[in-house]
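Structure at a glance
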Amino acid sequence: MEKKFEVLPEHIAIIMDGNGRWAKNRGLKRTEGHKVGAKVFEEICEYCAEIGVKYVTFYAFSTENWKRSKLEVTAIMNLFRGYLDRMQERVLENEQAGYRIRFLGAREGMPKDIVSRMDDVERRSADKTRININIAVNYGSRDEIVHGVRDIVREIQNGKISADDITEELISSHLYTAGQPDPDLIIRPSGEYRLSNYLMWQAAYSEIYIDDVLWPDYTPADLDRAIAEYAKRNRRFGGV
Ligand code: IPE
Ligand code: IPE
Ligand code: MG
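To start, this report covers the structure provided alongside it. (Residues numbered from 1 in each chain as written. Chains lettered and ligands numbered in written order. Predicted model: local features only at pLDDT ≥ 70, side-chain atom pairs only at ≥ 80, totals over all residues. Heavy atoms only, no water.)

Moving on, we get to the overall build of the protein. Along the backbone of the protein there are seven helices and six strands. Reading the secondary structure of the protein in the N-to-C direction produces β-α-α-β-α-β-α-β-α-α-β-β-α. Compactness check: the protein gives a C-alpha radius of gyration of 18 Å against a globular reference of 18 Å for 240 residues, within 12% of the reference. Taking the principal axes of its C-alpha atoms as reference, the protein extends roughly 60 × 50 × 35 Å. For the protein, contacts bridging at least 24 residues in sequence account for 77% of all contacts bridging at least 6. Carbon and sulfur atoms provide 51% of the accessible area of the protein, an area that totals close to 12,400 Å². Charge centroids of the protein, computed over 36 positive and 39 negative side chains, lie 5 Å from each other. (Helix = DSSP H or I, 4+ residues; strand = E, 2+ residues; numbered from the N terminus. Rg over C-alpha atoms; globule rule 2.2 N^0.38 Å. Contact = heavy atoms within 4.5 Å. Areas by Shrake-Rupley, 256 points an atom, 1.4 Å probe, with all protein chains shown as cover. Lys, Arg positive; Asp, Glu negative; His and termini not counted. Charge placed at Lys NZ, Arg CZ, Asp CG, Glu CD.)

Listed below in structure tokens is the structure:
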């Protein structure tokens, strides 16, 4: 694809929200919304790769989403399992060459068989460079910071570092996004004006774009609109 945008965010983070409302509007079960949402997720991944976005991070399941009914949680986990199986095959067949896939979030608390699939997909895609895809599963910003702080304290206790070595960079390097740039643009479909515990440290200077479209209806044209709006923003980072 030829170059489509003059200004392209290096890292886009998306909160895939609105699956339940989309289903409800159609008289369907919430789980049907998740099914369509999962398909849209794969389409948007490919579109991001085509237009040259280098990092894209999707919020798929939060640490708070366990509060939902067992039926809904099981349905989401099954969709995730199916996705991982497909990715394992594609990575193996080299079809999806170019996707480096990583998962952000706590592994503990996730079904064991899913964790082993996640590890496998991460390992097998580790040398791909076309696009970096992060999927936040069992992810919460506060939980991420708690884990990072624990690691740092252990390093101090082991005498590896001292308290004065704690810098912003050191903290960033102990988060699930270690080594990756902060998001330039955070997109939330479905019209909610909140971060819902998503990338709170990393979002310090992200541009935020709220869209009314529900995630299962989200298309590449909606992403184009968000990118065009981003291009008009004046990012000052505290300067003038
Ligand atoms: C996002 O859609 C998917 C997850 C949080 C897993 P929702 O299920 O939150 O959809 P709404 O917000 O109820 O419409
Ligand atoms: C955020 O959506 C989490 C994901 C999209 C995975 P929620 O639907 O859980 O957020 P709230 O409850 O509306 O804040
Ligand atoms: Mg929601």
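A word on the site of ligand 2. With respect to spatial proximity, the complete set of residues near ligand 2 consists of Ile 15, Met 16, Asp 17, Tyr 59, Ala 60, Phe 61, Asn 65, Arg 68, Arg 188, Arg 194 and Ser 196. At 3.3 Å from an oxygen atom of ligand 2 is found a side-chain nitrogen or oxygen belonging to Arg 188. Between ligand 2 and Ser 196 there is a distance of 2.6 Å, counted from an oxygen atom to a side-chain nitrogen or oxygen. Isolated, ligand 2 exposes 390 Å² of accessible area, and the fraction of that covered by the protein chains is 79%. Placement of ligand 2 is best described as lying within the largest pocket. With three residues, strand 2 (residues 55-62) is the largest single contributor of residues to the shell around ligand 2. Grouping the amino acids of the shell around ligand 2 by side-chain chemistry returns five nonpolar, two polar and four charged. (Near = heavy atom within 4 Å. Polar contact = N/O pair within 3.5 Å; in protein donor to acceptor, adjacent residues only side chain to side chain. 1 Å grid on protein atoms, 1.4 Å probe; cavity = no way out; pocket = protein on both sides within 12 Å on 5 of 7 lines; lining within 4 Å. Sits in = over half its atoms within 2 Å of the grid points. Nonpolar A, V, L, I, M, F, W, Y, C, P; charged D, E, K, R; others polar.)

Residues in contact with ligand 1 amount to 13 residues; listed here are only the nearest, Met 16, Asp 17, Gly 20, Arg 21 and Arg 68. In this structure, Arg 68 approaches ligand 1 through a side-chain N or O atom, which is 2.7 Å from an oxygen atom. Here ligand 1 loses 87% of its free accessible area of 370 Å² to cover by the protein chains. Taken atom by atom, the bulk of ligand 1 overlaps the largest pocket. Counting residues per element, the shell around ligand 1 draws most heavily on helix 1 (residues 19-25), at three residues.

Generally speaking, a soluble globular protein has its nonpolar side chains buried in company with each other. If you look at the biggest cluster of nonpolar residues, it comprises 45 residues, and the most contacted ones within it are Ile 14, Phe 58 and Leu 223. Ranked by residues supplied to this core, first place goes to helix 2 (residues 30-51) with eight residues. Excluding anything up to four places from it in sequence, Phe 58 contacts Ile 14, Met 16, Phe 41, Ile 44, Cys 45, Ile 133, Asn 134, Ile 135, Ala 136, Tyr 198 and Trp 215. (Core = buried A, V, L, I, M, F, W, Y, C linked by side-chain atoms within 4.5 Å. Buried < 20%, exposed > 50% of the residue type's maximum accessible area, 1.4 Å probe, protein only.)

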